[in-house]
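Residues per chain, in single letters:
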2 protein chains.
Amino acid sequence: MPRLTLPRSWSRVVICWVEPHVDGGAWPVKRTVGEQLDAVAGVIVDGHDTLSVELRYRHEKGPVQAVPLRLRYNNEYEGGFPIEHLGTYTYTVQAWVDQFGTWQDAFQRRVKGGDTAYEIESELKDGALLLRRAAEQAEGDDQAQLLAAADRFDAGDVEAGLDPVVAQLAHQYDPRIGAVESEPLEVVVDPERARFAAWYEFFPRSTAPVPGQHGTLDDAARLLPRIKEMGYDIVYLPPIHPIGEAFRKGKDNRPTAEPGEPGSPWAIGGDRGDGTRGGHKAVHPELGGPEAFDRFVAAATEQGLQVALDIAFQTSPDHPYIADHPDWFKQRPDGTIRYAENPPKKYQDVHPIDFESGDWKALWKELRSVFEHWIDRGVTVFRVDNPHTKPLAFWAWCLGTLRAKHPELIFLSEAFTKPKMMQTLAKLGFNNSYTYFAWRNTKEELTSYGQELFGTDVAEFFRPNFWPNTPDILTEYLAKGGRPAHQVRFVLAATMSSAYGIYGPPYEHVDNTQHPDREEYANNEKYEIRRWNWSDPSSLQGFMQRVNQIRKANPALHHMRNLTFHEVSNPQLIAYSKSWGDNHIVVVVNLDPQHRQSGWLALPMPEGASFRVHDLLNNETYTWHGSHNYVELDPYTKPAHLFRLEFG
Amino acid sequence: MPRLTLPRSWSRVVICWVEPHVDGGAWPVKRTVGEQLDAVAGVIVDGHDTLSVELRYRHEKGPVQAVPLRLRYNNEYEGGFPIEHLGTYTYTVQAWVDQFGTWQDAFQRRVKGGDTAYEIESELKDGALLLRRAAEQAEGDDQAQLLAAADRFDAGDVEAGLDPVVAQLAHQYDPRIGAVESEPLEVVVDPERARFAAWYEFFPRSTAPVPGQHGTLDDAARLLPRIKEMGYDIVYLPPIHPIGEAFRKGKDNRPTAEPGEPGSPWAIGGDRGDGTRGGHKAVHPELGGPEAFDRFVAAATEQGLQVALDIAFQTSPDHPYIADHPDWFKQRPDGTIRYAENPPKKYQDVHPIDFESGDWKALWKELRSVFEHWIDRGVTVFRVDNPHTKPLAFWAWCLGTLRAKHPELIFLSEAFTKPKMMQTLAKLGFNNSYTYFAWRNTKEELTSYGQELFGTDVAEFFRPNFWPNTPDILTEYLAKGGRPAHQVRFVLAATMSSAYGIYGPPYEHVDNTQHPDREEYANNEKYEIRRWNWSDPSSLQGFMQRVNQIRKANPALHHMRNLTFHEVSNPQLIAYSKSWGDNHIVVVVNLDPQHRQSGWLALPMPEGASFRVHDLLNNETYTWHGSHNYVELDPYTKPAHLFRLEFG
């Protein structure tokens, strides 16, 4: 805002803006360990003086460091620093008039332009003043050198005035008179797996070796080597807590369960005879109880896998919170506790928690302690169910305080809602988010969504995790397109985004029968125990393994913000590339799961160029020429190319 | 930033952003009296509750007012308020959960969906609580109505529960529990002529009736009716102060003046025998001194013209500041005052002021008093010479404090430099700016520059003033293109931007001989007295008058941010339109000053449409059909169309 009083102090230098930032610094940008924070600052000064601009940064537990920013064009200065530690860095830009640099630049032109000896000597005296001022900042040899140079200036030594070594020293000890510094911006640093990870979701209760039995976490642990072998990094389990009995749902979401039906894991219930009071910190006794969970985490850790738990803040009618804290729920005038409703629909098996309860402080702390309970048991990854139906202020506090102690945490937001809500959840602390990827099928849809997510400022804070299916989602495309469609969507998920996941068992087995009324699986595993053949040779196990190997071996596929789309002369073919250092991957996918499609792919190559493209998926190598090359893909034999470009 | 402690209070509602803003509110947006401030806010809440969102605004001298914002899509709410007074308005967005609206929406669905009578009665009791809470905010009849409705709710009256009148009252007296309000944003309101004005620049000394004489401001005043008749709003005079004698420049910027040469008005000098000490508050005695200036302002005011003065903060060697305040200038080691230099070039006739002088507070106040001196004499418009070579902090303070007392002021920034500097000068207080328009000649250049200036967020704070020529600028295009080129550039300036100006006399007379070495006029009036024929029938006087009449009669041409470009199938033809209410103007210009050009103009009209286009410039009417119509322009007879669209 304009000044209305004489400033107490002021500077000729103005920092117009510093990038990156999210909403002007209201929220941190996000990076992961191993990346770089590349900054750009717009900095101006009246007149034509030379500026010195530096990027200053500091990890929350480290000292301030600085790197110079280089002028690129139009008053913009650029440079970056390496991200080496989890947690939070702050960064600012400092800028000041480089008085000696400005002086020397003019002095050179005076000497060349033929100023008189008197004028040159006079200018050298001004230069000497600048050197003596720099010397006050220096010590030892450097100070002595600066003072000696000042003496030579005073003696009229033109060569000394032109000396770049003197300039370098003067720059190093510049007193930075009138330096200005931008407001601090923050970058939150997440673990690499927040950016680069493959998730595998499955129901432990469907892993019993004996048909008809309820699988345990020990049964599930026996699958971990297989999941690891397929190349996954994170195993994600639906809620593992005791399941509510009151109003329990039956097969395929029928309103009431038959005796013996297991219910939905998202109906989090009370004591089931395991000695706990039930609730969000208990483990369903039929899964083997808390000890089995600890063994599962240990087995996963041994495989190098991380375990992701599902946190669904809602309760079944027999959850202990209902009896212990009725004031944590909304009540009717008659004193009964409200169940979930979207009138005229009623969900009597679910009680929403009232985050605005008069006792909200105790409630919020208790809910946060659910995370803490599992963190203490080795869980660092959480998939949070419907975060957009709980207050944003709760998440900001809950995730912020958890991350302050545990910067290694990954929180995946399951918010399928409007962009502003999804983005705000990301800004305030979720570092992974589900997306609309599952419903973006055409080339145009995928291109515009990919550009929105990975090519705009949204990518500074929002990390998409691409899921082609979930227990809630079986799209028309997968239901109708069979095996080729499953391969197509798998390649797209695994290469457009560096973070992706699948609800594994039905995906592997192309078990894609849709429920007659809903875009989800028939015989949905949410409500019943299924059996899967873990060694079916016709499954997609091998295909997934191959794609995941390629992902791991190619750094270009470890990143998100490096996605570029390319033209192909066929609307059924989509092509995009990612580069990282000298690793260049070009992906071409046939979006048509029924027909062979071909076309000319345009890459930004010079006309005379000749280069090899190695299809890592199909193990074929072609030599291509110039910018346009022919591609042809058959959904049944070769649904996609995953090219690595090879030069020379 | 994420919260690290439990919040003291919090709300379920989050305002993501409010537009318009400049750099997140660091600077005000700009509007003029008669415009509207249209705002959009992104507002979200967890779950599916209905939100109430309102725009609150306040003129610096008025009470807070409010208008509701309407949901448009995806959590965005829009609405606006009328700008009625000069000065500063602040605006915020307030949002809260509309508890009764949310309740009634669900209640309607409950009634339709067939909830039991017991459930309906129970819900009505909850609704009654909301009404009683609203009643606490109300008085008199409204309160009585709310309480009566609450009683009917308690009695199980379903009709009352569905009543929109009750909803309206509940909305009006909503206690706004958990309301949140955005940070205040500012809009600076300038006079209409900061947005819509035609400027005419001329040298008063060239207006003497007798050849060879030095014209006075009284001579100049006699031209004012003619300037008014041509349709101009602002007459802009180069500096009117005594001209320095030491190192005075001769004809065409020769290093020394011959005896009797008048010198450059921008070399602001000392006492010339008029009894003042000279300097920036004096009037050159040869122009008639301060009394002639007062008469000039009075004559202009009588014509409805505003007078713009040129403020050039620099001094010639005989300016009184040099003797009175040597410490306001940089000195050499030998104690001499530095003149302007860009080594190896020396400008001994100009001493730059040292804004960083130890005595800067007194200096800044003195410089501001120069504006105050002329404001006291009726001047409200200032063209500021080279503001980018003076500190930005000075301008922020100087213009901010002046505008606080005089919101009617217009400041035109003469900064031909890089975008960030030009934009920052606009942000901190200049409300008009010179641009690169003079050098944007091709369709592609004009289109991309037009889109940058008028179609991006830059238009929120930066008001371009389009000048095809100035005493410093005679472009190749004008020099080579003669009369048609002058007409083309005039129409472009006067219709692309609603604020424009010309250095009048040579433009009118197509006096376009270029200096052999520079892109400026030969026999430059900056250094010598010229004579102009003010009643030359071959001049562009009539053409200018016609264009200015059309500008005044068509509200679409009074605005800047309404510019839209249209396709024409000829790279030499440019077309754009502006609309305001039901006034629609389409401009087509032939950029080729030598050859007839034709093509098909595309307008966004339905295929079957038939409409008349009235060329206000050439007084011709055509009936056009559909989206594509033929246009043909001849540089010698008809260089441009200025169509008004007429329907029905």
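Residues numbered from 1 in each chain as written. Chains lettered and ligands numbered in written order. Predicted model: local features only at pLDDT ≥ 70, side-chain atom pairs only at ≥ 80, totals over all residues. Heavy atoms only, no water.

Across all of its chains, the model carries 100 aromatic pairs over all chains by this definition. Here the aromatic rings of Trp10 of chain A and Trp364 of chain B are separated by 4.7 Å at their centres, their planes lie at 55 degrees, and the arrangement is tilted. Remark: Trp364 of chain B occurs in helix α10 (residues 360-376) and Trp10 of chain A occurs in the segment before β1 (13-19); the pair is interchain, linking two chains. An identical accessibility class is assigned to Trp10 of chain A and Trp364 of chain B; each is buried. Centroid distance Phe382 of chain A to Phe411 of chain A: 6.0 Å. Interplanar angle 20 degrees. Geometry classified as stacked. (Phe/Tyr/Trp six-rings, centres within 6.5 Å; stacked < 30°, edge-to-face > 60°. Helix = DSSP H or I, 4+ residues; strand = E, 2+ residues; numbered from the N terminus. Buried < 20%, exposed > 50% of the residue type's maximum accessible area, 1.4 Å probe, protein only.)

Our next topic: the nonpolar core. Counting 157 residues, the largest nonpolar core has Phe293 and Phe371 of chain B as its most contacted members. Per-element tally for this core: the top contributor is helix α14 (residues 476-496) of chain B, with 10 residues. Excluding residues that lie within four positions of it along the chain, Phe371 of chain B makes contacts with Ile311, Phe313, Phe382, Val384, Trp395, Cys398, Leu402 and Phe411 of chain B. In terms of nonpolar packing, the next biggest core, distinct from the first, is built from 156 residues, Leu185, Leu217, Ala300 and Ala485 of chain A among them. (Core = buried A, V, L, I, M, F, W, Y, C linked by side-chain atoms within 4.5 Å. Contact = heavy atoms within 4.5 Å.)

Time to look at the interface of chain A and chain B. How large an interface is tends to be reported as the accessible area lost when its parts come together. If you look at the interface, chain A gives 72 residues, while chain B gives 72 residues. Run the count over chain A and chain B and you get 21 residue pairs in polar contact (both at pLDDT 80 or more). Mapped onto the side of chain A that touches chain B, the elements with two or more residues apiece are β1, β3 (36-45), α1 (99-113), α2 (117-135), β15 (340-342), α10 (360-376), α11 (392-405) and α12 (419-428) of chain A. Among the elements that make up the side of chain A that touches chain B, the one with the highest residue count is α11 of chain A (7 residues). Along the lines of polarity and charge, the residues of the side of chain A that touches chain B split into 32 nonpolar, 15 polar and 25 charged. (Polar contact = N/O pair within 3.5 Å; in protein donor to acceptor, adjacent residues only side chain to side chain. Nonpolar A, V, L, I, M, F, W, Y, C, P; charged D, E, K, R; others polar.)

Moving on to the pattern of salt bridges. Across all of its chains, the model carries 111 salt bridges over all chains by this definition. Taking the shortest distance from any N to any O, the salt bridge between Arg368 of chain A and Glu372 of chain A comes out at 3.6 Å. Note that Arg368 of chain A and Glu372 of chain A are positioned in helix α10 at a spacing of 4 residues, about one turn of the helix. Given a relative accessible area of 18%, Arg368 of chain A falls into the buried group. Accessibility expressed as a relative area gives 25% for Glu372 of chain A, which makes it partly exposed. Here Glu54 of chain B and Arg176 of chain B are joined by a salt bridge, their closest N and O atoms 2.9 Å apart. (Salt bridge = Lys/Arg side-chain N within 4 Å of Asp/Glu carboxyl O.)

What follows is about the environment of Pro506 of chain B. Tracing the backbone through its elements, the reader meets Pro506 of chain B in helix α15 (residues 504-508). Residue Pro506 of chain B is classed as buried on the basis of its relative accessible area of 1%.

Here we take up the side chain of Arg551 of chain A. Residues and elements named next belong to chain A. Residue placement: Arg551 occurs in helix α16 (residues 541-553). Nearest to the buried, unbridged Arg551 among oppositely charged side chains is Asp233, at 4.9 Å. Not counting the four nearest positions on each side in its chain, Arg551 is found in contact with Phe196, Ala197, Ala198, Ala494, Ser497, Ser498, Tyr500, Leu557 and His558. (Lys, Arg positive; Asp, Glu negative; His and termini not counted.)

On to the sheet that holds strand β7 (residues 76-82) of chain A, then. In spatial order, the strands read β1-β3-β7-β6 (chain A); together these 4 strands make up an open sheet with antiparallel pairing. In the strand order of this sheet, the two ends are held by β1 and β6 (70-73) of chain A, each with one partner. Neighbouring strand axes in the sheet, compared pairwise and without regard to direction, differ in orientation by 35 degrees on average. Pairing geometry for β1 of chain A and β3 of chain A, over 6 bridges, is antiparallel. Opposite Val13 of chain A, over in β3 of chain A, you have Val45 of chain A as the bridge partner. Set on the sheet, helix α12 (residues 419-428) of chain B makes contact with β1, β3 and β7 of chain A; between it and β3 of chain A the angle comes to about 65 degrees. (Pairing = 2+ DSSP bridges. Axes fitted to C-alpha atoms, helices over the stretch in contact; angles between N-to-C directions.)

It is worth spelling out the relation of the copies chain A and chain B at this point. It takes a turn of 180 degrees to lay chain A on chain B, together with a shift of 0.0 Å along the axis; the resulting RMSD is 0.0 Å. Taken together, these values place the two copies in the relation of a two-fold axis. Across chain A, the rotation axis passes nearest the C-alpha of Gly24 of chain A, at a separation of 3.2 Å. An overlap of 100% is found between the interface residues of chain A and their copies at the interface of chain B, pointing to a shared contact surface. (Least-squares fit on C-alpha atoms with pLDDT ≥ 70 in both.)

It is worth spelling out the environment of Phe411 of chain A at this point. Residues and elements named next belong to chain A. Structurally, Phe411 is set in strand β19 (residues 410-414). Assessed through its relative accessible area of 0%, Phe411 is described here as buried. A sequence separation of 346 residues divides Phe411 from Gln65, and the C-alpha atoms of the two residues are 30 Å apart. Residues in contact with Phe411, not counting those within four places in the same chain, are Phe371, Phe382, Leu399, Leu402, Arg403, Gly429, Phe430, Asn431 and Asn432.

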